Amino acid sequence: MFCHPFKKTFQLVLLTNGAPSLQQKKLQMTPALVPFFNRIFISGSFGVGKPDTSLFNHCLSQLNIKPEEAVMIGDNLHTDIIGGNGVNLTTVWINREGTSNDTDIIPTIEIKNLRELNEVLERISI
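Report follows, based on the coordinates.

### Examining the overall build of the chain
Phase 1 of the analysis: Looking only at helices and strands, the chain features five helices and six strands.
Phase 2 of the analysis: Each helix and strand of the chain, ordered N terminal to C terminal, gives the series β-β-α-β-α-α-β-α-β-β-α.
Phase 3 of the analysis: Here the C-alpha atoms of the chain give a radius of gyration of 14 Å, agreeing with the 14 Å that 2.2 N^0.38 yields for 126 residues.
Phase 4 of the analysis: The C-alpha extent of the chain, read off along each of the three principal axes, is 35 × 35 × 30 Å.
Phase 5 of the analysis: Counting every position in the chain, which comprises 126 residues, the buried fraction comes to 40%.
Phase 6 of the analysis: Summed over its atoms, the accessible surface of the chain is roughly 7400 Å², and 51% of this surface lies on carbon and sulfur atoms.
Phase 7 of the analysis: With 11 positive and 12 negative side-chain charges, the chain shows a spacing of 8 Å between the two charge centroids.

Rules of the game
- Residues numbered from 1 in each chain as written.
- Predicted model: local features only at pLDDT ≥ 70, side-chain atom pairs only at ≥ 80, totals over all residues.
- Heavy atoms only, no water.
- Helix = DSSP H or I, 4+ residues; strand = E, 2+ residues; numbered from the N terminus.
- Rg over C-alpha atoms; globule rule 2.2 N^0.38 Å.
- Buried < 20%, exposed > 50% of the residue type's maximum accessible area, 1.4 Å probe, protein only.
- Areas by Shrake-Rupley, 256 points an atom, 1.4 Å probe, with all protein chains shown as cover.
- Lys, Arg positive; Asp, Glu negative; His and termini not counted.
- Charge placed at Lys NZ, Arg CZ, Asp CG, Glu CD.

Below is the structure:
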C-alpha cells in the first residue's frame, strides 16, 4: 500500500497475511527489505487477513489517512485487490505472468512489473 497524505510524499507500507511468527521470520531472512517500509502490518496480529475490509480500515486508521489517499498494490486479485476495492482504494494489480482475469474483481490499474509503478503513480490523482 502506498499512501501520500501530503502530495508528493509517499509512505511505503507492507500489509502481509499470515501468522506473526512466520512473517517475522521471513522479514528476518530479508533484512535489506525492511528499511524500505514506513510501517509493517501483519494480519495475524490483527486477527483477520486480507481481503477482510476491517484490516484495511485498521491500516488506514493507523496511518491517519483516507481511502482516497492510498493505493493498494498487490499481485493477488483475491486478497490484495478485492480487499483494496472493498474500502475504495485505488488498486494496482501486478500481473507478472499476464494471467487472464476471469473474475469479477476489477483492479483500477493493471501492470506487468514494478518498473511501471512510478509512471502509474504519477498518472493517478490521489
